[in-house]
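Fold and geometry: a report
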Amino acid sequence: MDIQKEVGHKKAEILQKQKEYLFPNHLLYYTDPLPLDRGEGLKVWDVEGNEYLDFFAGILTTSVGHNRPEVTQRVREQTEKLIHSSTLYPNETHVNLAERMAQMAPGKLQVSYFTTSGTDANETAIFLAQAYTGQQEVVALRHGYSGRSAMTMGLTGVGSWRVGGTHVAGIKHALNPYCYRCPLKLKYPSCGVACAEDIEDVIRTTTSGKIAAFIMEPIQGVGGFITAPDEYIKRAYEIAKHYGGLFISDEVQTGFGRTGEKWFGIEHSGVEPDIMTMAKGIANGFPLGNTMTRKDIAESTLKAGLTISTFGGNPVACAASLGVMEVLENEATPDRSAFLGQQLRAGLDRLQEKYSVIGDVRGKGLMQGLELVKDLSSKEPAPKAASALMDAAKQEGLLIGKGGLYGNVMRIAPALTATEEDIHMALDLLDKALAKID
Ligand SMILES: Cc1ncc(COP(=O)(O)O)c(C=O)c1O
């Protein structure tokens, strides 16, 4: 069999097995799904040998790029030493990573509980807030995404991700600061972030008046990179505190310098959260979630009882994460992400001037979104154009993501180790892809 036939066969075989042996409800990107084979830095190759510039980083997860030696070397060494211990036995990589996290996290957030996903991290956060406050009810935001367990789907404010219609009692959703489509039909900044007052209204009208927690993402990732103004976050914090709740910042997408200048997205606002959750970029693709809080809050878990996690704090995942932190600190710092983010943003702003399908450009640092619309004045969402742009970008050799309630927001978020050249190359490829769908 010649090589071309062989690779074509391999792709067909993967897609056939996917269909035959995996649940059919896996969302797959692209009209023609893309089986990836290997990666190096910001490049990935599919099983047919086609090369792509990866500007979605496996949903903002390969934070320091594919096959990064600082990560793979540590992983290799740890794999040969000890792959698993469970949380029943203290482990060096586990405690060293916890120490590293305490050095990076803002203020009094000093202690960690490691798990294996963002879902798990948010479950831990809500449990923690309930244990500390003795209250049960939680306020989340519309357009937010918290995970795929029953409880975190309940927290989620995007209908299509509340699969099966979840019924976890005591979760309420307030208006989010979606400035491009203001739920109150006002204009930022003259609105004075009036939407934040809805949090209070929701608490007073739909809860007992005492909440365990308020949870939000500083930039709503799955929701379409909806970027909360700092004043909104400050007001949300005040309201949460007034009604006895802890403030949880979900940093699963915005953590580890992604938003530029700071290690965590919430820090731009000056608010110090009571709890932070993180996952994705923490370990470059190894399954690791973390919930961080203050010592006094963590102490409250003892009232509820002791707990274990079989895979939480896995030595190999923690070793990978220590490698990630080394690269972030030495090379891909938040300041660098801010600098590269400015270049990316400037290029996207130029594309907005050129293509009327781009209604809004938003985000921070290396987390930038393009909201596509059918018409600039009506702002009617253009999900078909978004799907077409995904396919066209892939044809040009560029991987980007898609999201938003209407499926019309392009999500652009490369590894934080991107170079200026990568940014310019991505903008060039995106320009060509946009020209194709124009
Ligand atoms: C903000 C946010 N929180 C939580 C999660 C859930 O993380 P995981 O898919 O690792 O369970 C996600 C996943 O996309 C997310 O974007």
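Report on the accompanying structure. (Residues numbered from 1 in each chain as written. Predicted model: local features only at pLDDT ≥ 70, side-chain atom pairs only at ≥ 80, totals over all residues. Heavy atoms only, no water.)

1. Side note on the environment of A12
Take A12: it is sitting in helix α1 (residues 3–21). For A12, a relative accessible area of 43% corresponds to the partly exposed category. (Helix = DSSP H or I, 4+ residues; strand = E, 2+ residues; numbered from the N terminus. Buried < 20%, exposed > 50% of the residue type's maximum accessible area, 1.4 Å probe, protein only.)

2. Digging into the environment of I203
Position of I203 relative to the elements: it lies in helix α7 (residues 197–206). Residues I203 and I239 lie 36 residues apart in sequence; the distance between their C-alpha atoms is 9.1 Å.

3. Things to note about the site of the ligand
Taken together, the neighbourhood of the ligand is formed by 13 residues, with G118, T119, D250, Q253 and K280 sitting nearest. Separating a nitrogen atom of the ligand from a side-chain N or O atom of D250 is a distance of 2.7 Å. One of the side-chain N or O atoms of Q253 is found 2.8 Å from an oxygen atom in the ligand. When the ligand is considered free in solution it has 390 Å² of accessible area, and contact with the protein chains removes 85% of it. For the shell around the ligand, the leading source of residues is helix α5 (residues 118–133), giving three residues. When grouped by side-chain class, the residues that make up the shell around the ligand number three nonpolar, seven polar and three charged. (Near = heavy atom within 4 Å. Polar contact = N/O pair within 3.5 Å; in protein donor to acceptor, adjacent residues only side chain to side chain. Areas by Shrake-Rupley, 256 points an atom, 1.4 Å probe, with all protein chains shown as cover. Nonpolar A, V, L, I, M, F, W, Y, C, P; charged D, E, K, R; others polar.)

4. A short note on the pattern of salt bridges
Per the stated rule, a full pass over the model turns up 23 salt bridges. In this structure, the salt-bridge partner of R235 is E197, at a minimum N-O distance of 2.8 Å. One end of the pair, R235, is in helix α8 (residues 230–242); the other, E197, is in helix α7, and 38 residues separate them in sequence. The partly exposed category is assigned to E197, whose relative accessible area is 34%. For K241, the salt bridge identified is with D274, shortest N-O distance 2.6 Å. (Salt bridge = Lys/Arg side-chain N within 4 Å of Asp/Glu carboxyl O.)

5. What about the pairing of strand β5 (residues 138–141)?
Here β5 shows a buried face lined by V138 and A140 and a second buried face lined by V139 and L141. Bridging between β5 and strand β6 (residues 171–174) involves four bridges; their strand directions are parallel. Each bridged residue has a counterpart across the sheet, and for V138 the counterpart in β6 is I171. Tracing the backbone out of β5, into helix α6 (residues 150–155) and back to the parallel element β6 gives a crossover that is right-handed. (Pairing = 2+ DSSP bridges. Right-handed = clockwise from strand over helix to strand, strands pointing away.)

6. Observations regarding the packing of helix α3 (residues 69–81) against helix α11 (residues 315–330)
Between α3 and α11, the least distance of the axes is 8 Å, while the angle of their chain directions is 155°. By the angle class used here, α3 and α11 are roughly antiparallel. α11 is crossed by α3, and the crossing has right-handed handedness. Across the interface between the two elements, E70, V71, R74, V75, Q78 and T79 of α3 pack against P315, V316, A319, A320, L322, G323, V324, E326 and V327 of α11. A breakdown of the residues in the contact of α3 with α11 according to their chemical character gives nine nonpolar, three polar and three charged. (Axes fitted to C-alpha atoms, helices over the stretch in contact; angles between N-to-C directions. Parallel < 35°, antiparallel > 145°, perpendicular 65-115°, else oblique. Left-handed = near helix turned anticlockwise from the far one by under 90°. Contact = heavy atoms within 4.5 Å.)

7. Quick word on the packing of α7 against α8
The description of two packed helices rests on the angle between their axes and on the distance between the axes. Taken N-terminus to C-terminus, the directions of α7 and α8 make an angle of 25°; their axes are 8 Å apart at the nearest point. Accordingly, the angle class assigned to the pair α7 and α8 is roughly parallel. When the axes of α7 and α8 are compared, the crossing they make is right-handed. On the side of α7, the interface is formed by E197, I199, E200 and I203, while α8 contributes Y232, R235, A236, I239 and H242. Among the residues making up the contact of α7 with α8, the classes are represented as five nonpolar, one polar and three charged.

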